[in-house]
Amino acid sequence: MAKTKKNQPKLHTAITGKRWWQEVGWRHIVGVLAVIYCLVPLIYVVSVALTPRATLTGGLFKNFQFSTMFENFTALGAGKYSVFWSWILNSLIVSSVTAVGTVLMGAAAAYAFSRFRFRGRRGTLTGLLLIQMFPQMLAFVALFLLLLGLQDVFPALGLNSKLGLICVYLGGALGSNTFLLYGFFNSIPRELDEAAEIDGASHAQTFWTIIMPLVLPVLAVVGLLSFISSFGDFVIARVVLQTQDQYTLAVGMYAWASDARNAPWGIFAAGAVIAAVPVVLLFQYLQKYIVSGLTAGAVKG
């Protein structure tokens, strides 16, 4: 029997004319403007990096030549600019350890607040929230004096040490990351914990084998944000680090640009381009976890 018109599927007509601009077209315009807004600074930095003896006041790709386009990049490995690679190594060490430590500490604290009931739980959560209301810049003097005192007792945690800088980063990010992960842990059904407990699993086994795989997307977000913030931080690193061999990338490159008239802007831009590579690669690697399902495969039917 032939299908009646009532049972036939409805065909969606294409949106055209004024209605298309009202519903769809303006979104394309906003997207193009956003792309232009993001690309113009990047193109400008790349043009300065590929132009020898470039200045910030010159035009895009002014005096550009293919034979000398990598001159600024090769200069980073010679002479007084060779210290750039030790700076980027220091930044990678500090940022990687900070990201891993932030994820582990935040996840452990969030799991304890989400699953356990103990005296002072609400007060501790409220205290963490209140502490995060004050910016970390208010504690610069206290951090400096604290690290200065620790330097006499335990030099590895004092001023001018990467370990001391890592500890400062971990303490500053613990509260906000704990709250972010705490809400995520609460969304995971407690029946999974109870089923694991019936099977004889300890709290540690439940945490590592069941909970952690389920919260992998938010852990990737926390680790990525922690890495980016510590990799590009300047103010706190400038307070803690004192000598050139301990500088991170942001502090070291600021020393190059401190004299605006005589600064090597071409080499500075080349260093900025290289510094963006680790962040882009990390984001591309973690993107699959960020966009994946939050509890996909957690419960099988």
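Conventions used here
- Residues numbered from 1 in each chain as written.
- Predicted model: local features only at pLDDT ≥ 70, side-chain atom pairs only at ≥ 80, totals over all residues.
- Heavy atoms only, no water.
- UniProt positions renumbered as here; feature names shortened; annotations may be inferred.
- Helix = DSSP H or I, 4+ residues; strand = E, 2+ residues; numbered from the N terminus.
- Polar contact = N/O pair within 3.5 Å; in protein donor to acceptor, adjacent residues only side chain to side chain.
- Contact = heavy atoms within 4.5 Å.
- Salt bridge = Lys/Arg side-chain N within 4 Å of Asp/Glu carboxyl O.
- Buried < 20%, exposed > 50% of the residue type's maximum accessible area, 1.4 Å probe, protein only.
- Core = buried A, V, L, I, M, F, W, Y, C linked by side-chain atoms within 4.5 Å.
- Phe/Tyr/Trp six-rings, centres within 6.5 Å; stacked < 30°, edge-to-face > 60°.
- Arc of directions from axis to C-beta.

> Would you mind going over the UniProt feature "transmembrane region" (unreviewed entry) in the protein chain in detail, with residue names and values included?
Annotation from UniProt places "transmembrane region" (unreviewed entry) at residues 29–50, 87–113, 125–151, 163–185, 206–228 and 263–283. In residues 125–151, the share of helix is 70% and the share of strand is 0%. The end C-alpha atoms are 32 Å apart.

> How would you explain the side chain of Ser 91 if you had to name every residue and give the values?
Assignment of secondary structure puts Ser 91 in helix 3 (residues 84–115). Within the structure, the side chain of Ser 91 is placed 2.6 Å from the backbone nitrogen of Leu 249, a separation counted as a polar contact. The residues touching Ser 91, leaving out its near neighbours within four places in the chain, are Phe 231, Thr 248 and Leu 249.

> Account for the pattern of salt bridges, with residues named and values stated.
The tally for this structure, following the rule as stated, stands at one salt bridge. Note that Asp 193 is salt-bridged to Arg 115, the shortest N-O span being 2.9 Å. With Asp 193 in helix 7 (residues 191–198) and Arg 115 in helix 3, the pair connects residues that are 78 residues apart, well separated along the chain. A residue is classified by how much of its surface remains accessible, and Asp 193, at 13% relative accessible area, is buried. The buried category is assigned to Arg 115, whose relative accessible area is 11%.

> Describe the environment of Ala 272, naming the residues involved and giving the relevant values.
You can see Ala 272 is positioned in helix 12 (residues 265–290). Considered as a pair, Ala 272 and Met 253 are 19 residues apart in the sequence and their alpha carbons are 8.6 Å apart. Not counting chain neighbours up to four residues away, the residues in contact with Ala 272 comprise Val 45 and Met 253.

> Run through the nonpolar core, naming residues and quoting values.
Counting 39 residues, the largest nonpolar core has Leu 76, Phe 84, Leu 165, Ile 236, Leu 249 and Trp 256 as the members making the most contacts within it. Within the second largest apolar cluster, 22 residues are counted, among which are Val 103, Phe 113, Phe 184 and Val 218.

> Outline the packing of aromatic side chains, supporting the account with residue identities and numerical values.
In total, this model carries 14 aromatic pairs according to the counting rule given. Between the aromatic rings of Tyr 81 and Trp 256, the centroid separation amounts to 5.2 Å while the plane-to-plane angle is 90°, which identifies the pairing as edge-to-face. Of this pair, Tyr 81 sits in the loop between helix 2 (71–75) and helix 3 while Trp 256 sits in helix 11 (residues 249–257); the two residues are 175 residues apart in sequence, bridging distant segments of the chain. Geometrically, the ring pair formed by Phe 227 and Phe 231 is stacked, given 5.6 Å between the ring centres and 15° between the ring planes. With a gap of four residues between them, Phe 227 and Phe 231 both fall in helix 9 (residues 216–231), about one helical turn apart. A relative accessible area of 6% places Phe 227 in the buried class. Feature note: the residues Tyr 81, Phe 84, Trp 85, Trp 87, Tyr 247 and Trp 256 constitute an aromatic cluster, connected by ring pairs.

> Give a detailed account of helix 4 (residues 121–131), specifying residues and quantitative values.
Within helix 4, the full set of buried residues consists of Arg 121, Leu 125 and Leu 128. Seen along its axis, helix 4 keeps its buried residues to an arc of 60°; they face one direction. Exposed residues pointing more than 90 degrees away from the buried face of helix 4 are listed as Arg 122, Gly 123 and Ile 131. In this structure, the buried side of helix 4 is in contact with helix 3 and helix 6 (162–186).

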